[in-house]
Amino acid sequence: MNLHLAQHHGMCFGVRDALRATHDAAMREPVTILGQLVHNPVVDAHLKTLGVRAGQLEAHDSATTQRVVITAHGAADVQRQAWQKAGHTVTDTTCPLVRKAHQALAILVQEGYHPIVIGQRQHVEVCGLIGDFPEASVVLDEVDVLQIPASTRLGVISQTTQPLDRVLELVAAIKRQHPRAEVRFVDTVCHPTKQRQTALEEICQRCPVVIVIGGRNSNNTRQLAEKATRLGARAHQIETPDDLREEWFTDVGDVGITAGTSTLDETVTAVMDRLRQMKTEN
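Keep in mind that what you see is a predicted model, and the values were worked out from it rather than measured. (Residues numbered from 1 in each chain as written. Predicted model: local features only at pLDDT ≥ 70, side-chain atom pairs only at ≥ 80, totals over all residues. Heavy atoms only, no water.)

Engineer: Explain the overall build of the chain residue by residue, including any values.
Structural biologist: Each helix and strand counted, the chain has ten helices and twelve strands in total. For the chain, whose C-alpha radius of gyration is 20 Å, the value lies close to the compact-globule estimate of 19 Å for 282 residues. Viewed in the frame of its principal axes, the chain has a C-alpha envelope of about 60 × 55 × 25 Å. Expressed as a percentage of the 282 residues in the chain, the buried residues total 52%. Excluding contacts between residues fewer than 6 apart, the proportion of contacts in the chain whose partners are at least 24 apart in sequence is 71%. (Helix = DSSP H or I, 4+ residues; strand = E, 2+ residues; numbered from the N terminus. Rg over C-alpha atoms; globule rule 2.2 N^0.38 Å. Buried < 20%, exposed > 50% of the residue type's maximum accessible area, 1.4 Å probe, protein only. Contact = heavy atoms within 4.5 Å.)

Engineer: Which residues make up the pattern of salt bridges, and what values do they have?
Structural biologist: One pass over the structure, following the stated rule, counts 15 salt bridges. A salt bridge links Asp 273 to Arg 276; its shortest N-O distance comes to 3.2 Å. One end of the pair is Asp 273 and the other is Arg 276, both in helix α10 (residues 265-281) and three residues apart, which spans about a single turn. Assessed through its relative accessible area of 42%, Arg 276 is described here as partly exposed. Through salt bridges that share partners, Asp 77, Arg 80, Asp 92 and Arg 99 make up one connected network. (Salt bridge = Lys/Arg side-chain N within 4 Å of Asp/Glu carboxyl O.)

Engineer: Break down the pairing of strand β8 (residues 153-158) for me, citing the residues and quoting the values.
Structural biologist: Burial of β8 is extensive: five of the six residues sit out of reach of the surface. Across five bridges, the pairing between strand β6 (residues 114-118) and β8 is parallel. Each bridged residue has a counterpart across the sheet, and for Pro 115 the counterpart in β8 is Gly 155. Looking at chain direction, β8 and strand β9 (residues 182-185) are connected through four bridges and run parallel. In the sheet register, Arg 153 faces β9, and the bridge partner there is Glu 182. Note that the unit made of β8, helix α7 (residues 164-177) and β9 has a crossover that is right-handed. (Pairing = 2+ DSSP bridges. Right-handed = clockwise from strand over helix to strand, strands pointing away.)

Engineer: Break down the sheet that holds strand β3 (residues 53-55) for me, citing the residues and quoting the values.
Structural biologist: One key point about sheets: their strands pair by backbone hydrogen bonds, in either a parallel or an antiparallel sense. The parallel open sheet is built from four strands, whose spatial order is β3-β2-β4-β5. Each having just a single partner strand, β3 and β5 (89-92) make up the two edges of the open sheet. On average, each strand axis in the sheet is tilted by 30° relative to the strand beside it, whichever way the strands run. Across four bridges, strand β4 (residues 67-70) lies against β5 in parallel orientation. Across the sheet, the residue bridging to Arg 67 is Thr 89, located in β5. On the sheet, helix α1 (residues 13-28) packs against β2 (31-34), β4 and β5 and is oriented at approximately 150° with respect to β2. (Axes fitted to C-alpha atoms, helices over the stretch in contact; angles between N-to-C directions.)

Engineer: Tell me about the nonpolar core, residues and numbers included.
Structural biologist: Counting residues in hydrophobic clusters, the biggest one holds 17 residues, and the most contacted among them are Leu 19 and Leu 37. Secondary structure elements with two or more residues in this core: α1, β2 and α2 (41-49). Looking at this core element by element, the count peaks at five residues for α1. Phe 249, Ala 259, Val 268 and Val 271 belong to the second-largest nonpolar core, a separate cluster that totals 16 residues. (Core = buried A, V, L, I, M, F, W, Y, C linked by side-chain atoms within 4.5 Å.)

Engineer: So what's going on with the sheet that holds β9? Residues and values would help.
Structural biologist: With parallel pairing, the four strands of this open sheet are ordered in space as β7-β6-β8-β9. Each end of this open sheet is capped by a strand with a single partner; those strands are β7 (137-139) and β9. Taking the axes of each pair of neighbouring strands and ignoring which way they run, one obtains an average angle of 25° across the sheet. On top of the sheet, helix α4 (residues 96-110) reaches β6, β8 and β9; it is set at about 175° to β8, its chief contact. The strands touched by α7 are β6, β7, β8 and β9; relative to β9, the strand with the most contacts, the crossing angle is about 165°.

Engineer: Break down the packing of aromatic side chains for me, citing the residues and quoting the values.
Structural biologist: Here the structure, examined in full by the defined rule, presents one aromatic pair. Relative to Phe 249, the ring of Trp 248 lies with its centre 6.2 Å away and its plane at 70°, an arrangement referred to as edge-to-face. For the cation-ring pair, Arg 153 lies above Tyr 113, with the distance from its terminal atom to the ring centre recorded as 4.1 Å. (Phe/Tyr/Trp six-rings, centres within 6.5 Å; stacked < 30°, edge-to-face > 60°. Lys NZ or Arg CZ within 6 Å of the ring centre and 35° of its normal.)

Engineer: Pulling in residues and values, what's your account of the environment of Leu 50?
Structural biologist: Relative to the helices and strands, Leu 50 is located in the loop between α2 and β3. In this structure Leu 50 comes out as partly exposed when scored by relative accessible area, which is 24%. Discounting chain neighbours no more than four positions away, the residues touching Leu 50 are His 23, Ala 26 and Met 27.

Engineer: So what's going on with the side chain of His 73? Residues and values would help.
Structural biologist: Mapped onto the elements of the fold, His 73 is located in the loop between β4 and α3 (77-85). When residues no more than four places from it in sequence are discounted, the contact partners of His 73 are Gln 36, Leu 37, Val 38, His 39, Val 98, His 123, Val 124 and Glu 125.

This is the structure we're talking about:
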């Protein structure tokens, strides 16, 4: 069994910076994270060892500390300001690339476009993006496209972790549904997501089985697993080495490994070590 680790995989700079900022804040004083800092249970467990408390972005009474942390997924300005008005000190770990998506959406609205966000309506990043623009349409499939109101100007951005090829398909569908409208698309899919998707394509060309490491509620991790399946590989999404099953690798010569942008380097190393152990035992 030959192991092929994707050229681009694992934790991105935005997540790494968010972890560092939260760690530093927790070492100085008690802190409450408003949501899940990143979608990874291993990271959650690490933060608990630091005494970090859990709160909810929408509930001001959920924070038992003065300092609160906005997660890497970001928040609406109205939410950020509400916490400050409630007397809390805010540590904002919003990923810079998510901030760019917020800025792009705000500019489109200022210029008179009806705002459209391609992404998952209930995802925390999308909730933050549309929090200041409740009139925005959220699109994840062609059925959602049919619900976009008629307008002469439509401005489209994307959740940063959506696959670019799927985003472009939906932009084309919006243009077909509104042929008389001016449709302006601003590409806000983040570079790390694009890199990991491209690197996945490369390993799927040679590997019939692909292991995708990351939290089960991580959108970009799930997108990697789904894309590997579409490309013809048998994809298995895992969170830790304990999730690996020997029967997945029976008579398999090449195994690809990748990881979502919130996956710790240590977890990737541990999975690789367990796969090497399986290889030796068999």
